[in-house]
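Topology and contacts: notes
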Amino acid sequence: MSEEDLLSAQQRNRAQYARVASAYAVSASHAGGAELSWFAARATSVAPGLAVDVACGGGFSTRALIAAGHRVLATDLTPESVLAARQSTDGAALGWVAGSAERLPVSTAAVQLVSCRIAAHHFGDVARFVDEVTRVLTPGGMLLLVDTTVPEDDELARWLDEVERLRDPSHGQSWSPARWHAVCAGARLRVDETQLTRKRHELEPWLARAGCVGARAEEVRRRFREANAPVRAAYDIEVDDTGTVAAYTDSKICLRATKPA
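Residues numbered from 1 in each chain as written. Predicted model: local features only at pLDDT ≥ 70, side-chain atom pairs only at ≥ 80, totals over all residues. Heavy atoms only, no water.

1. Brief notes about the layout of surface pockets
Counted as a void, the largest pocket has a volume near 190 Å³. What lines the largest pocket is a set of 14 residues, and nearest its centre among them are Val150, Asp154, Ala157, Gln173 and Ser174. Sorting elements by how many residues they give to the lining of the largest pocket places helix α6 (residues 154-167) first, with five residues. The residue inventory of the lining of the largest pocket, partitioned by class, reads four nonpolar, three polar and seven charged. (1 Å grid on protein atoms, 1.4 Å probe; cavity = no way out; pocket = protein on both sides within 12 Å on 5 of 7 lines; lining within 4 Å. Points joined across faces, edges and corners; volume = space filled by probe spheres on them. Helix = DSSP H or I, 4+ residues; strand = E, 2+ residues; numbered from the N terminus. Nonpolar A, V, L, I, M, F, W, Y, C, P; charged D, E, K, R; others polar.)

Dropping the structure here:
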């Protein structure tokens with residue numbers, strides 16, 4: 001990705017999250033789920049040390065790291081998100097910094113743990129982010145990553161990405177598990193664990209959290225209503241007796257990787 005394209009993607013992200021940061025800080029969807037339980041358990045499985053929480057969003061992953069005893073530097077591209085996360089966090093973090101995932105504000109080989117939860121699909125250059133993870137981790141350091149993932153089937157993956165972008169123009173692309181494994185290998189990270197979990201989203205709160213209203217929201221609803229059978233099955237689309245879309249379910253990849261010693 002060119003620097004111009006990366007900056008354009010980052011500008012879209014800042015514009016989107018500057019206006020909805022407070023909604024994500026109180027998001028019931030982000031406050032729980034099997035993927036957060038997985039994240040918290042893995043955070044406590046390693047000795048407390050210096051951790052960087054990338055794209056901290058509402059601060060839920062930051063708080064899980066603090067609870068596990070880590071000294072946490074929480075970062076996010078959008079200053080409003082950093083502020084919302086900080087105001088929602090009782091535990092003391094080491095620091096709160098506005099900065100991009102593609103250029104982490106950390107010295108080389110300086111941290112024991114890098115984490116990122118439900119954010120990488122917004123990044124302008126995911127591969128550059130993973131390269132940065134390798135750079136800042138100490139030998140033997142760990143990456144904990146959770147993100148929306150898609151089936152290996154291109155049509156099913158494209159359908160979800162398109163409705164995600166209608167809802168939230170800062171959405172980039174959700175990656176399949178195979179693609180995550182490939183980018184980690186390319187960055188010299190050893191994948192030690194991969195787990196998939198399912199997460200149900202009630203449609204109207206999902207739209208409202210991103211500030212998606214009017215014609216764009218109606219187009220998202222239409223696409224869910226008119227989805228074909230493979231899409232309905234893949235995403236467990238729920239339609240009530242009135243023909244209203246109630247909810248859908250996607251998958252999250254929970255990935256633990258290590259920088260070889």
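Anyway, onward from the coordinates.
2. What to know about the side chain of Thr78
Tracing the backbone shows Thr78 in the loop between β2 (71-76) and α4 (79-87). By relative accessible area, Thr78 is classed as buried at 2%. Ignoring anything within four residues of it in the chain, the contact list for Thr78 reads Asn13, Arg14, Tyr17 and Ala18. (Buried < 20%, exposed > 50% of the residue type's maximum accessible area, 1.4 Å probe, protein only. Contact = heavy atoms within 4.5 Å.)

3. Observations regarding the packing of helix α2 (residues 34-43) against helix α3 (residues 60-67)
One way to put it is that α2 packs onto α3 with a least axis distance of 9 Å and a crossing angle of 30°. Comparing the axis directions of α2 and α3 gives the class roughly parallel. Considering how the two elements wind past one another, α2 and α3 form a crossing that is right-handed. Counted together, Leu36, Phe39, Ala40 and Ala43 of α2 and Phe60, Ser61, Ala64 and Leu65 of α3 form the full contact between these two elements. (Axes fitted to C-alpha atoms, helices over the stretch in contact; angles between N-to-C directions. Parallel < 35°, antiparallel > 145°, perpendicular 65-115°, else oblique. Left-handed = near helix turned anticlockwise from the far one by under 90°.)

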